Structures are given as structure tokens and as C-alpha cells.
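Chain residues, written in single-letter form:
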Amino acid sequence: MKAAPFTLQAIQQIITEYPTPFHLYNQQGIARTAQKLNKTFRWANGFRNYYAVKALPNPTILKLLIDEGMGLDCSSLAELILAERVGARGEQIMFTSNDTTSDEYRKAAALGAIINLDDISHIEFLEQSLDQLPELLCFRFNPGSERVGNDIIGNPTEAKYGLTRNQLFEAYKICKQKGVKRFGLHTMIASNELEPSYFIETARMLFDIAVELHDQQGISLEFINMGGGFGIPYKPDQEALDIVGISDGIKKLYDDVLTTNNLSPKLFYECGRYITGPHGYLISTVLHQKHTYRDYIGLDASMANLMRPGMYGAYHHITVLGKENESATHAYDVTGSLCENNDKFAIQRQLPQIEIGDIIVIHDTGAHGHSMGFNYNGKLRSAELLLKPDNTVTVIRRAETLDDCFATLDF
Ligand SMILES: *Cc1c(COP(=O)(O)O)cnc(C)c1O
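Predicted, not measured: the structure shown is a model, and the values here were computed from it.

Draft legend 1. Structural context of the site of the ligand. Neighbouring the ligand are 14 residues; Lys54, Gly229, Glu270, Arg273 and His368 lie closest to it. One of the side-chain nitrogen or oxygen atoms of Asp73 is found 3.4 Å away from a nitrogen atom of the ligand. Taking Arg273, its main chain carries an N or O atom lying 2.8 Å from an oxygen atom of the ligand. Summarising the interface, the protein chains cover 90% of the accessible area of the ligand, which totals 390 Å² for the free molecule. In terms of residue class, the shell around the ligand is built from three nonpolar, six polar and five charged.

Draft legend 2. Highlighting helix 6 (residues 122-130). Buried residues of helix 6: His122, Ile123, Leu126, Ser129 and Leu130, and no others. Here the buried residues of helix 6 occupy an arc of 130° about the axis, which is enough to place them on one side. In helix 6, the exposed positions angled more than 90 degrees off the buried face are occupied by Glu124 and Gln128. Residues of helix 6 that are buried sit in contact with helix 5 (102-111), strand 5 (114-117), strand 6 (136-141) and helix 7 (165-177). Looking one or two places after helix 6, you find Asp131, whose phi comes out positive at around 75°.

Draft legend 3. Seen up close, the packing of aromatic side chains. Summed over the entire model, instances satisfying the criterion amount to 18 aromatic pairs. Consider the rings of Tyr198 and Phe199, whose centres lie 6.3 Å apart with planes at 75°: the pair is edge-to-face. Like Tyr198, the residue Phe199 is buried in the burial classification. Pairing Phe230 with Tyr269 gives two aromatic rings, centres 4.7 Å apart and planes at 65°, and the pair type is edge-to-face. Taken together, the positions of Phe230 in the loop between strand 8 (223-225) and helix 9 (243-258) and Tyr269 in strand 9 (residues 266-269) put the pair 39 residues apart, joining distant regions of the chain. Here Phe230 falls in the buried class, since its relative accessible area comes to 1%. Look at Tyr269 and you get buried, because its relative accessible area is 1%. Every member of this aromatic cluster is reached through a ring pair, and the members are Phe41, Trp43, Phe47, Tyr198, Phe199, Phe207, Phe230, Tyr254, Tyr269 and Tyr274. Above the ring of Tyr198, the side-chain terminus of Arg147 is found at 4.6 Å from the ring centroid.

Draft legend 4. Up close: empty space enclosed by the protein. Counted under the stated rule, the structure contains two cavities of 30 Å³ or more. Computed from the structure, the second largest cavity encloses a volume of approximately 50 Å³. In terms of residue count, helix 8 (residues 196-217) provides more of the lining of the second largest cavity than any other element does, three residues in total. Broken down by class, the residue content of the lining of the second largest cavity amounts to six nonpolar, three polar and no charged.

Criteria and cut-off values
Residues numbered from 1 in each chain as written. Predicted model: local features only at pLDDT ≥ 70, side-chain atom pairs only at ≥ 80, totals over all residues. Heavy atoms only, no water. Near = heavy atom within 4 Å. Polar contact = N/O pair within 3.5 Å; in protein donor to acceptor, adjacent residues only side chain to side chain. Areas by Shrake-Rupley, 256 points an atom, 1.4 Å probe, with all protein chains shown as cover. Nonpolar A, V, L, I, M, F, W, Y, C, P; charged D, E, K, R; others polar. Buried < 20%, exposed > 50% of the residue type's maximum accessible area, 1.4 Å probe, protein only. Helix = DSSP H or I, 4+ residues; strand = E, 2+ residues; numbered from the N terminus. Arc of directions from axis to C-beta. Contact = heavy atoms within 4.5 Å. Phe/Tyr/Trp six-rings, centres within 6.5 Å; stacked < 30°, edge-to-face > 60°. Lys NZ or Arg CZ within 6 Å of the ring centre and 35° of its normal. 1 Å grid on protein atoms, 1.4 Å probe; cavity = no way out; pocket = protein on both sides within 12 Å on 5 of 7 lines; lining within 4 Å. Points joined across faces, edges and corners; volume = space filled by probe spheres on them.

Laid out in C-alpha cells, this is it:
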């Protein structure tokens, strides 16, 4: 069973001050998960998780993660500026972008961020953007048919990201000739993956490349960034990812493949979902019920607040607050109000009988939730609230107003 760390009474109290819908994040849960990841990989020299800013781009959360020793993984100008404004500096920032503008590269370089190139042609583009290549560069590897991906990110051969194997080796050679001194290697080929062996295989692939690169070109990689993609159990019957198993598997490979070849790159991840995903909740109130060919529950939240179900058919668990122990006797489609039939949080979900005014908790919205929001149909983005360890709540992003929505228009 998936339980929420709050009661109906606590939420009713919060709603008197902050109307639904809103996302509520559990600070303690986020901090503990960050600590657990860091502790598990403590054996790895210079281990760092660069939290993927896009997952939950809120300054309060980002500061908390920096305080836990994390870096920030950015992929756009806005994310770089956000990282700067929460105090991240230099190599605390990883810039993993694609289809990048010169402005973005200039900002990343000005911050001293680690620049991770998505294509071989970007060596020249970066050089033109900056006048001079940075001392440190990283490349994103796309293994193509060497590996299979998963539903969210797709198969590597169909993924727009990264360099092919030949391009990768060529890119290091070119950059070394051009005077780049320090190198990193990156890949990201799975998303929301719950199978530990997948991450161990990815590490093996990258470690083998590190050895080959050293043998062929004399380059000792300074770091290997194994990407994000740690999955979370969205469904109640799924088990949490075994990160200790992943860590143990990778440690063995590190010793066998790298240490024996006198290589000692730092290990990085850039997980977003794993850190914050399970600790966010979209809280919404039931506005309507309708009974036609199916039974519909209409919420005051919509796909504009959480698009994963509509976009990927993703499962998000739903709790009817106060009815946690009632049996799930009814099959409902739980919808928002967008003029799009895929604006459904759940389809034919078995839930307890629902009444108008019931408070619904949609679980696991702490990553790729609010941040994927949009304003279609003039829907306003909701507030984000933080549940503190002492059970008080603070606003960490206010709700949008109609004035915000109209701010760019000329009447
Ligand atoms: C989205 C993304 C991540 C984070 O993915 P999660 O599934 O949230 O861990 C990490 N790195 C890159 C390059 C990404 O695009």
C-alpha cells in the first residue's frame, strides 16, 4: 500500500489557507533519499549526483539538495540561471544540453560549468561561441544498437541524443589536439528503470570505453557520468530500486576494469526522479461526478498540473484521503477539465466510492510533475508547498494568477 505522510485533517487545515490544486513536497523524504544515495556510493572517489534541475526546478528544493552535497544538472539557459541564483558554482554545475544555442554555451562557460557535448559538430560550434574551448569537456555517448532502452526514453538508435561510438573517439582526439586538457564521459539511455542490472551494464559499457580511450589515445578520463534514470515504484506492487545492489555491482566493475588499469575516474550520476519523485503529491478536490458510458470523477487539477499520465500513459497512484481503508469497489476515470480526452489521471481505476468534495492525492509528483506544466486552455500553474520536518507547511512557489497568464499579451 502506498501511504501519504499526512492525514485528511492535516490537508483540510492546509486547504483553508492554500486552495487546491497544489503540489506538496515532503522535505524530510527528499533529504533522506539524497543522503541514502550519497551514503551508498561513498566508496566511489569524488561521487556526486548532479540533480536534474528539470525534474523539480524550485530554488528551495535545489538549495536543499546542494546542502546535501549534490550538484545540478542543467540543460537550458533558464536552468543555468536558476543554478546560479541558488548558489551553485563552477563544476557543481553540469550542462547536459542538446540542440544548444550559443547563448547557453556562453552562460555555461561563464559559470565554469562542466560542458557536456551532445554532438561532434558542437566542438566547432562551441569554439565559435566561446572563442576558445574550455579546459574540461565531456561527451554524451549514444550506444545505438549496442543497447536497448525503455519506453520513456526510447531505443538508443531512435534517440536524438549523443554521439556514436566512432564519433565519440574522434571527438576526444580532435579536442585533445585543440588543447582540451581534462575529459569526462556521459551517457543516459534509460529512464525510470527499476532493474539494477541495467545500470551495472551501463557502467560496464562506460568503463570499457574509458580503458579503450586510455589505450588508444592516452586519455585518462577525469569522470564518468552515468546519467539519470533511476526508477521509482509508481505502482503499489513495484519494489523500490535496489541501489545498494547497483552500487555493489559497479564497485566490483570499478575495481576489475578501472583500478586494474590504473584508472580512477570520479563517478557521477544525474538522477532527478529518484531523489524527489516519491516525495511529491498533487492534492486536488473532486468537483464533479458524471455517469455516462463510464463513471467519471472531475478534479480541480488537470493534465496541466501533471502531464505524465496523458503524455506517457504513466501510472500515478491515487488515494482518496480519509478513505484509505475502504475497499476499492468502483471503477472510475479520474479527469481534469482540459478539452482533450487524454486529460485523465487514471482510467478505469478501482477506487473507493467517491463523493463531491473528497480530497484526492495523486502520488509521486515530485519529479517531472509541476515542471512539465503548461497553460493550455488558460489553465494556471498551481502552487508548490513544502511540508517541513515539524509538519508545518510553507509556500515555495505561489499559484499563477490570470494576470500572470495574460502578462505577455497586448489588449
Ligand atoms: C531528464 C534527464 C535526467 C534525469 O532523469 P531522471 O529520470 O529524472 O533521473 C538526467 N540527465 C539527463 C541528460 C536528462 O535529460
